[in-house]
Amino acid sequence: MANNNVAIRTQGLVKFYGDFQALYGVDLEVNRGEIFGFLGPNGAGKTTTIRCLLDLIHRNKGEVSVLGIDPREDPVSIKVRVGYMPGELHLDDSLNAEGLLHYFNALRGKSADWSYISELAQRLSLDLKRPIRNLSHGNKQKVGIVQTLMHKPELIIMDEPTQGLDPLMQQEVLKLVKEAQAWGATIFFSSHIMSEVEAVAERVGIIRAGRIVEVADPKKLGSRSLRRARIRFQKNVDRARIEEIKGVSVLSESNGREMLIQVEGEMDALIKALSAYPVSDFETDRPSLEEIFLAYYEN
Amino acid sequence: MLTVFKHTLSRSRGAIFGWGLTLALLGMMFVPFYDTIVENAAAFEELMAIYPPEIMAFFGGAADFTSPEGFLSLEYFSFMPLVIGVYAVLAGSGMLADDEEKGVLDLIAAQPISRSALFWGRLFSLWAIQLVILAFGWAGVMFATTYSSMVLDPVELLIPFASLGGLLFFFTGLSLLFSMLLPSKRSAGMLSGIFLVASFFLNGLAGLSDTLKEIAPFFPLYYYQSDNWVNGFEPGWLLSLLGFGLLFKLAAWWAFQRRDIRVGGEGGWKLKLPKFLNRKPVEA
């Protein structure tokens, strides 16, 4: 399985929790230096896959290689080179943020540069002196991000890194991810937010019900993505005329004056077609990832 | 391992002072009663003579309570297994499972530290904490002799505390092992606690029933020696408690290497029961 260009490889990864099968032979390959988005709805197997990579849980079948090492054989050598941000982040609340980071740094043989930790904290507006127990969910998340990046790891594994952060901080985290790539790190991050993955990932792996459904270019995925639009017209409009527009299907209508439509792919054709009608309001929305999956991967 | 050891020790300061001072204060509170007992020995002997044999058997039989050894055995060391046992059960079952159930262990285990180093770092720290707590207890009793007529040899007093330490070691190991095998910290603590209390009562009542006397050697409290420190102390009994405690800890270590670390908020896993116990109710 050894290949120097590959940071993460899984082949036929299977995981059971008792009688429940969480992974059904996951095959995945993440190249060194790339930002790889791992996308899937809740319960799809993202966290289980990630935890197998770090030997936090033991696989039942299949092969796994992280930075050329099997996590079952030598997990410590992997963890030295990896920064990990768990999806369900819980921190030791007997310390303050600084104390906790000192503890993690000591476990890492003091490999982190404290000035970089201070810089990260400053960029994320995190007060390191505050006790963990007094931190909000978002601020705890920031502590998690700092501990993930502080030692400038070769491989960064983040499970839903931006959850609980405000939009500005989400942007800052995605910026940090890009910067990490610049120093040569490979980034493997999971998310259930399509736009977030589209913004930074070079490739996207989609997992659903414990199986990799597709590995794709996020732009390609974006162009295939679904959008919803609610249109209010000033007068009655024939539903059939709207359904004639390329990629559009009408989900519901009320009195011919209000329609909920679904658009597949680009919005261009719809916008141009709507210019012929008296539109009083137009709202767009992205359906949930689960809905997208249902639409694309139903079978 | 040293980092884990130091960190665990540092975050357990509350437990050390809480349990240590409790043990010390109990000693400081009970020892002065010895003066009253000695002054009124005849009256107390009459009183003890009318006590039901069940109660006397429970507190160690007809020990000479006018001697420091007999008095401490009756008033202090007789119930200490329960006090120290509760601490042992809480400390053992929570050593890893507490952080695991809180979701904290996930991130710690993701740091570059082996599971063995994490396990032994915490366990060594727990041993150090328990030694300090016992030392507090010993110091409390010794300190109380400065304002009482009781005369104690500080070295000889180490013997019952060593026996107490043996029980502590045994029950810490047992509850730690249960926490690695059972679905939750609570179930591990509950099972170990039931075993502790059952063992305590069974051993206390063994003097009254031949059947219980035959069963008692299978329970750890039988090997606890609180009343025969000077003469008749059996080092083999102490070693047995320590040996079983170590065995449980080794088994817990083995189990910890092989189990999944639960993710935060996951709670306890479901214990797999035999099919006949796990039958679903038939719907009407």
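Up top is the structure.
Residues numbered from 1 in each chain as written. Chains lettered and ligands numbered in written order. Predicted model: local features only at pLDDT ≥ 70, side-chain atom pairs only at ≥ 80, totals over all residues. Heavy atoms only, no water.

K.L.:
Any chance you could break down the overall build of chain A for me, citing the residues and the numbers?
P.N.:
When helices and strands are counted, chain A shows 11 helices and 13 strands. Looking at chain A as a whole, 52% of its 299 residues qualify as buried. The long-range share in chain A, meaning contacts at least 24 apart out of those at least 6 apart in sequence, stands at 68%. On chain A, roughly 13300 Å² of surface is accessible, and the fraction owed to carbon and sulfur atoms is 45%. (Helix = DSSP H or I, 4+ residues; strand = E, 2+ residues; numbered from the N terminus. Buried < 20%, exposed > 50% of the residue type's maximum accessible area, 1.4 Å probe, protein only. Contact = heavy atoms within 4.5 Å. Areas by Shrake-Rupley, 256 points an atom, 1.4 Å probe, with all protein chains shown as cover.)

K.L.:
So what about the sheet that holds strand β13 (residues 279–285) of chain A? Which residues, and what values?
P.N.:
Residues and elements named next belong to chain A. Spatially, the 4 strands line up as an open sheet ordered β11-β12-β10-β13, and their pairing is antiparallel. What marks the edges here is a single partner per strand, and that holds for β11 (248–254) and β13. Each neighbouring strand pair of the sheet contributes to a mean axis angle of 20°, computed without reference to strand direction. Where strand β10 (residues 226–233) and β13 come together, 6 bridges link them in antiparallel fashion. Along β13, the bridge assignment pairs Arg-230 with Glu-283. (Pairing = 2+ DSSP bridges. Axes fitted to C-alpha atoms, helices over the stretch in contact; angles between N-to-C directions.)

K.L.:
Let's hear about the environment of Ser187(B): which residues, and what values?
P.N.:
Residues and elements named next belong to chain B. Mapped onto the secondary structure, Ser-187 falls in helix α12 (residues 185–205). Note: C-alpha distance between Ser-187 and Ser-93 (94 residues apart in sequence) is 9.0 Å. For Ser-187, the side chain forms a polar contact with the main-chain oxygen of Ser-184, separated by 2.9 Å. (Polar contact = N/O pair within 3.5 Å; in protein donor to acceptor, adjacent residues only side chain to side chain.)

K.L.:
Let's hear about the interface of chain A and chain B: which residues, and what values?
P.N.:
At the junction of the two partners, chain A supplies 26 residues and chain B supplies 27 residues. Buried surface at the junction of chain A and chain B, summed over both partners, amounts to about 2400 Å²; 57% is from carbon and sulfur atoms. In terms of surface lost to chain B, no three residues of chain A exceed His90(A), Tyr103(A) and Leu107(A), which account for 25% of the buried area on that side. Applying the counting rule to chain A against chain B returns 3 salt bridges. (Buried area = accessible area lost by both parts, 1.4 Å probe. Salt bridge = Lys/Arg side-chain N within 4 Å of Asp/Glu carboxyl O.)

K.L.:
Give me the lowdown on the nonpolar core, citing residues and values where you can.
P.N.:
Core analysis: the biggest nonpolar cluster contains 140 residues, and Phe188(A), Leu72(B) and Tyr76(B) have the highest contact counts within it. Among the elements that make up this core, the one with the highest residue count is helix α10 (residues 115–144) of chain B (12 residues). When near neighbours in sequence (up to four residues on either side) are disregarded, Leu72(B) contacts Val31(B), Phe77(B), Val141(B), Met150(B), Leu152(B), Leu157(B) and Trp229(B). (Core = buried A, V, L, I, M, F, W, Y, C linked by side-chain atoms within 4.5 Å.)

K.L.:
Could you give me a rundown of helix α14 (residues 235–258) of chain B, with the residues and numbers involved?
P.N.:
Residue and element names in this part refer to chain B. Here α14 spans 35 Å end to end across 24 residues, near enough to the 34 Å set by a 1.5 Å rise per residue. What α14 keeps buried is the set Leu-238, Leu-241, Gly-245, Phe-248, Lys-249, Ala-252, Ala-255 and Phe-256. Each element contacted by the buried residues of α14 is listed here: α9 (104–109), α10 and α11 (158–181). (Expected span 1.5 Å × (residues − 1).)

K.L.:
Residues and numbers for the pattern of salt bridges, please.
P.N.:
Side chains carrying opposite charge are able to pair once their charged atoms draw close together. On inspection of all chains with the given rule, the structure shows 28 salt bridges over all chains. Here Glu253(A) ties to Arg239(A) by a salt bridge, and the two come within 3.7 Å at their closest N and O atoms. Placement of the pair is Glu253(A) in strand β11 and Arg239(A) in helix α9 (residues 239–243), with a sequence separation of 14 residues. Judged by relative accessible area, Glu253(A) falls into the partly exposed class, the value being 35%. Between Arg11(B) and Asp99(B) there is a salt bridge, with the nearest N and O atoms lying 2.9 Å from each other. Here the residue Arg11(B) occupies a position in helix α1 (residues 2–11), and Asp99(B) occupies one in helix α8 (residues 97–102), the gap between them amounting to 88 residues. Residue classification places Arg11(B) among the partly exposed residues on the basis of a relative accessible area of 30%. Given the relative accessible area of 2%, Asp99(B) is considered buried. Connected via shared salt-bridge partners are Arg230(A), Arg232(A), Glu258(A), Asp281(A) and Glu283(A).

K.L.:
Can you tell me about the side chain of Arg115(B), naming the residues and giving the values?
P.N.:
With respect to the helices and strands, the residue Arg115(B) is situated in helix α10. Among the polar contacts listed, one links the side chain of Arg115(B) to the backbone oxygen of Asp55(A), at a separation of 2.9 Å. Ignoring any residue separated from it by four or fewer positions in sequence, one finds Arg115(B) in contact with Asp55(A), Leu56(A), Ile57(A), His58(A), Phe256(B), Gln257(B), Arg259(B) and Ile261(B).

K.L.:
Before we move on, could you go through the pairing of strand β2 (residues 20–31) of chain A and cite the residues and values that matter?
P.N.:
All names here are of chain A. Inspection of the sheet shows strand β1 (residues 6–17) paired to β2 by 9 bridges, in the antiparallel sense. Residue Thr-10 lies in a different strand from β2, and its bridge partner there is Leu-28. Counting the residues between successive antiparallel strands, the hairpin from β1 to β2 contains 2 residues, one of them, Gly-18, with a positive phi of roughly 65°.

K.L.:
Can you lay out the sheet that holds β2(A) for me, pointing to particular residues and giving the numbers?
P.N.:
Residues and elements named next belong to chain A. Strand order in the open sheet formed by 3 strands is β2-β1-β4, with antiparallel pairing between adjacent strands. Only two strands of the sheet have a single partner each, and these edge strands are β2 and β4 (61–66). Going from strand to strand, the sheet's axes swing by 15° on average, the running direction of each strand aside.

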